[in-house]
Amino acid sequence: MKINWGTGIVIAFALFMSFILFFVFKVQSNSKYDNELVVEEYYKKELVAQQDLDREQNAYDLNSKVIIKTTAEGISIDFPGDFDYKNIKGIVSLYRPSNQKLDFEIPISLSSPHLLIPKSNLVGGRWDINIDWIYKDKKYLSKELVYFQQ
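So, how was this worked out
Residues numbered from 1 in each chain as written. Predicted model: local features only at pLDDT ≥ 70, side-chain atom pairs only at ≥ 80, totals over all residues. Heavy atoms only, no water. Helix = DSSP H or I, 4+ residues; strand = E, 2+ residues; numbered from the N terminus. Rg over C-alpha atoms; globule rule 2.2 N^0.38 Å. Buried < 20%, exposed > 50% of the residue type's maximum accessible area, 1.4 Å probe, protein only. Contact = heavy atoms within 4.5 Å. Areas by Shrake-Rupley, 256 points an atom, 1.4 Å probe, with all protein chains shown as cover. Lys, Arg positive; Asp, Glu negative; His and termini not counted. Salt bridge = Lys/Arg side-chain N within 4 Å of Asp/Glu carboxyl O. Polar contact = N/O pair within 3.5 Å; in protein donor to acceptor, adjacent residues only side chain to side chain. Core = buried A, V, L, I, M, F, W, Y, C linked by side-chain atoms within 4.5 Å. Pairing = 2+ DSSP bridges. Axes fitted to C-alpha atoms, helices over the stretch in contact; angles between N-to-C directions. Expected span 1.5 Å × (residues − 1). Arc of directions from axis to C-beta.

Peer 1: Explain the overall build of the protein to me, please; I cannot follow it from the model alone.
Peer 2: When its secondary structure is counted, the protein shows three helices and seven strands. Ordered by position in the sequence, the α and β elements of the protein form the string α-α-α-β-β-β-β-β-β-β. Whereas a compact globule of 150 residues would reach a radius of gyration of roughly 15 Å, the protein reaches 24 Å, over 25% beyond that. Projecting the C-alpha coordinates of the protein onto the three principal axes gives extents of approximately 90 × 35 × 25 Å. Expressed as a percentage of the 150 residues in the protein, the buried residues total 25%. When contacts within the protein are restricted to residue pairs at least 6 apart in sequence, long-range pairs at least 24 apart make up 58% of them. For the protein, the exposed area adds up to about 10,900 Å²; of that, 58% sits on carbon and sulfur atoms.

As structure tokens, then:
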């Protein structure tokens, strides 16, 4: 049986489409590949984007800024020394882009101008840290990307 070039092209397209569909089906059906959203309620979060920018600008305008650093004990967050740490309130959000199940939040309750997130709560890799805090009715937002080594 002789196959002409038109039939060959149709067979090649059919094989290619089958190849692609096989991998699409494999990724969608296998629980190893997580297809969850990066952030829950993404569109609601986008509505407050200007407020976030204003709070980030407030944090940027400070003379002494929030310092986030990795230590042997975990991640250390140092608030400005010229602020009364007892009046600082807010939330520290740790976001793991690769796995939503590792995300967590810590309320800010300070007994010194330093906050330590122990390494027992952390997994090695990239963490996006958002510090949403209030001091004397002024709102601040400090963001930083940290690579934590176990």
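Peer 1: Is there a simple way to explain the side chain of Arg 96 in this structure?
Peer 2: By the secondary structure assignment, Arg 96 is in the loop between strand 3 (89–95) and strand 4 (104–108). No salt bridge forms around the buried Arg 96; measuring N to O, its nearest opposite-charge neighbour Asp 103 is 7.2 Å away. Polar contacts involving the side chain of Arg 96 include one to the main-chain carbonyl oxygen of Val 123, which spans 3.2 Å.

Peer 1: What exactly am I supposed to notice about the nonpolar core here?
Peer 2: In summary, soluble globular proteins display a tendency toward joint burial of nonpolar side chains. In this structure, Ile 75, Ile 77, Phe 79, Val 92, Leu 94, Ile 131 and Trp 133 are the most contacted members of the largest nonpolar core, which totals 25 residues. Only strand 2 (74–78), strand 3, strand 4, strand 5 (114–118), strand 6 (125–135) and strand 7 (138–148) provide two or more residues apiece to this core. Per-element accounting of this core gives the leading share, five residues, to strand 6. Those residues in contact with Ile 75, other than ones at most four positions away along the chain, are Ile 68, Lys 69, Thr 70, Leu 94, Leu 115, Leu 116, Ile 117, Leu 122, Ile 129, Val 146 and Phe 148.

Peer 1: Explain the sheet that holds strand 6 here, please?
Peer 2: The strands making up a sheet associate through hydrogen bonds between their backbones, and the pairing can be parallel or antiparallel. Taking strand neighbours across the sheet as the criterion, the four strands line up as 4-3-6-7 in an open arrangement whose pairing is antiparallel. Two strands in the sheet have a free side with no partner beyond their single neighbour: strand 4 and strand 7. On average, each strand axis in the sheet is inclined to that of its neighbour by 15°, with strand direction left out of account. As paired elements, strand 3 and strand 6 share seven bridges and run antiparallel to each other. Residue Gly 90 lies in a different strand from strand 6, and its bridge partner there is Trp 133. With respect to the sheet, helix 3 (residues 49–60) is in contact with strand 6 and strand 7, its orientation differing from that of strand 7 by roughly 85°.

Peer 1: What is the right way to read helix 3 from this model?
Peer 2: Across its twelve residues, helix 3 extends 16 Å between first and last C-alpha, which sits within 8% of the 16 Å expected from 1.5 Å per residue. For helix 3, the complete set of buried residues consists of Asp 52, Arg 55 and Ala 59. Taken end-on, helix 3 shows its buried residues confined to a sector of 65°, consistent with a single buried face. Those residues of helix 3 that are exposed and aimed more than 90 degrees away from the buried face are Leu 53 and Tyr 60. Residues of helix 3 that are buried make contact with strand 6 and strand 7.

Peer 1: I keep staring at the sheet that holds strand 5 and nothing clicks. Help me out?
Peer 2: Pairing is antiparallel across the open sheet formed by three strands, whose spatial order is 1-2-5. Strand pairing shows two members of the sheet lacking a second neighbour, strand 1 (67–70) and strand 5, which therefore form its edges. Taken pair by pair, the neighbouring strands of this sheet meet at an average axis angle of 15°, ignoring direction. Taken together, the five bridges between strand 2 and strand 5 define a ladder with antiparallel strand orientation. The residue of strand 5 that forms the bridge with Asp 78 is His 114.

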